[in-house]
Amino acid sequence: MAKLAVVFQSGKGHTKTLADSILKGINSVEGVSGSLFEIRGQDIQEGRFANEGLMSALDNCDGIVLGCATYMGSASAIFKAFLESAFQPRWFEQRWKDKIAAGFTNSASQNGDKLTTLFQLSIFAMQMGMIWVGVSDLPGNNWSGGARSDLNRLGSWVGAMGQSNADEDKPSIGDIDTAERLGARVAVITRRIKDGVAYETERLSEPGFRKNNIARKDALAGLRD
Ligand SMILES: Cc1cc2nc3c(=O)[nH]c(=O)nc-3n(C[C@H](O)[C@H](O)[C@H](O)COP(=O)(O)O)c2cc1C
């Protein structure tokens, strides 16, 4: 059974609607099971996120879907604190290398600068050595017959975007269903990789990587730099 985590932050529940939808998509795929993990402000002290139980549960997953609200054109501060907490020791040890990753965000404005949030999430995943999966749906609501209920109506491929009106409690049904389809896509791809040909992946700490580079430098001395 492939295991996927949906890790999210949501202040007022709008982004949680997308997280629930991603989870629904994941669990619709046979042989894959998903779990939700909420990042809460109470786990942050002096700006640093600390919840070892949650982090080690993520260590045991085959993939992690990351999502948070867009605040001030950026990933929310609470979620950023969680991302930064992966630096030591998980980034140093390449612990999440080759796990599958994907992302989602929600904001009030149609644009709201939320692409920045998806960039932050995808860059994080790639710094962690993870394999990023984007949205595969064609763009919706981009012609005269388009509607808010269209799939991928915000035309985003880096990750799933949601937009919810400030006086309503949910993004559009188009966004909710697009998130569900991203969850299913991530699950199918994770299962395919997990059930595929087994492979060993090299994991190096920074000192180990430096040692290899010193050996390379010595081996190449006088040849080229
Ligand atoms: C501190 C703060 C900053 C925000 N910044 C943006 C923004 O840059 N762009 C935008 O479109 N909406 C912005 N919003 C609106 C939220 O993105 C929107 O209400 C979203 O649905 C919140 O999701 P949540 O209920 O999961 O927290 C901001 C809201 C807050 C509280």
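- As recorded in an unreviewed UniProt entry, the protein goes by Multimeric flavodoxin WrbA and comes from Granulicella arctica.
- Its UniProt record gives the protein the following Cofactor (unreviewed entry) comment, quoted word for word: "FMN".

Re the site of the ligand
Consideration 1: Around the ligand, the structure places 17 residues, and the nearest of them are Ser10, His14, Thr15, Met72 and Gly73.
Consideration 2: Interatomic distance of 2.9 Å between a backbone N/O atom of Lys12 and an oxygen atom of the ligand.
Consideration 3: In this structure, Thr70 approaches the ligand through a main-chain N or O atom, which is 2.8 Å from an oxygen atom.
Consideration 4: Computed on the free molecule, the ligand has an accessible area of 640 Å², of which 73% lies beneath the protein chains in the complex.
Consideration 5: Those elements that place two or more of their residues in the shell around the ligand are helix 1 (14-27), strand 5 (63-71) and strand 7 (100-107).
Consideration 6: Of all the elements, strand 5 adds the most residues to the shell around the ligand, at three residues.
Consideration 7: When the residues that make up the shell around the ligand are grouped by side-chain class, the tally is four nonpolar, 12 polar and one charged.

Some points on helix 5 (residues 115-127)
Consideration 1: For helix 5, which comprises 13 residues, the first-to-last C-alpha distance of 18 Å matches the rise-based estimate of 18 Å (1.5 Å per residue) to within 8%.
Consideration 2: What helix 5 keeps buried is the set Thr117, Leu118, Leu121, Ser122, Phe124 and Ala125. Across the axial projection of helix 5, the buried residues extend over an arc of 155 degrees, all falling on one side. Summarising the geometry of helix 5, the exposed residues directed more than 90 degrees from the buried face are Met126 and Gln127.
Consideration 3: At its buried positions, helix 5 is contacted by strand 5, strand 6 (74-75), helix 3 (77-85), strand 7, strand 8 (131-132) and strand 9 (160-163).
Consideration 4: Where helix 5 terminates, the next one or two residues include Gly129, which has phi positive at roughly 80 degrees.

Concerning the packing of aromatic side chains
Consideration 1: For the structure shown, the criterion picks out six aromatic pairs.
Consideration 2: Feature note: the residues Phe49, Phe79 and Phe82 constitute an aromatic cluster, connected by ring pairs.

Quick word on the pairing of strand 7
Consideration 1: Within strand 7, eight of the eight residues are buried, leaving the element largely enclosed by the surrounding structure.
Consideration 2: Of the two faces of strand 7, the one lined by Ile100, Ala102, Phe104 and Asn106 and the one lined by Ala101, Gly103, Thr105 and Ser107 are each fully buried.
Consideration 3: Pairing of strand 5 with strand 7, which is carried by seven bridges, proceeds in the parallel orientation. Residue Gly63 lies in a different strand from strand 7, and its bridge partner there is Ile100.
Consideration 4: Note that strand 7 and strand 8 share two bridges and pair parallel. Within the sheet, the bridge partner assigned to Ala101 lies in strand 8 and is Trp132.
Consideration 5: Each parallel crossover has a hand, and for strand 7 linked through helix 5 to strand 8 it is right-handed.
Consideration 6: One ladder, built from four bridges, connects strand 7 with strand 9; its direction is parallel. Within strand 9, the residue paired with Phe104 across the bridge is Ala160.

Thresholds, definitions, all that
- Residues numbered from 1 in each chain as written.
- Predicted model: local features only at pLDDT ≥ 70, side-chain atom pairs only at ≥ 80, totals over all residues.
- Heavy atoms only, no water.
- UniProt positions renumbered as here; feature names shortened; annotations may be inferred.
- Near = heavy atom within 4 Å.
- Polar contact = N/O pair within 3.5 Å; in protein donor to acceptor, adjacent residues only side chain to side chain.
- Areas by Shrake-Rupley, 256 points an atom, 1.4 Å probe, with all protein chains shown as cover.
- Helix = DSSP H or I, 4+ residues; strand = E, 2+ residues; numbered from the N terminus.
- Nonpolar A, V, L, I, M, F, W, Y, C, P; charged D, E, K, R; others polar.
- Expected span 1.5 Å × (residues − 1).
- Buried < 20%, exposed > 50% of the residue type's maximum accessible area, 1.4 Å probe, protein only.
- Arc of directions from axis to C-beta.
- Contact = heavy atoms within 4.5 Å.
- Phe/Tyr/Trp six-rings, centres within 6.5 Å; stacked < 30°, edge-to-face > 60°.
- Pairing = 2+ DSSP bridges.
- Right-handed = clockwise from strand over helix to strand, strands pointing away.

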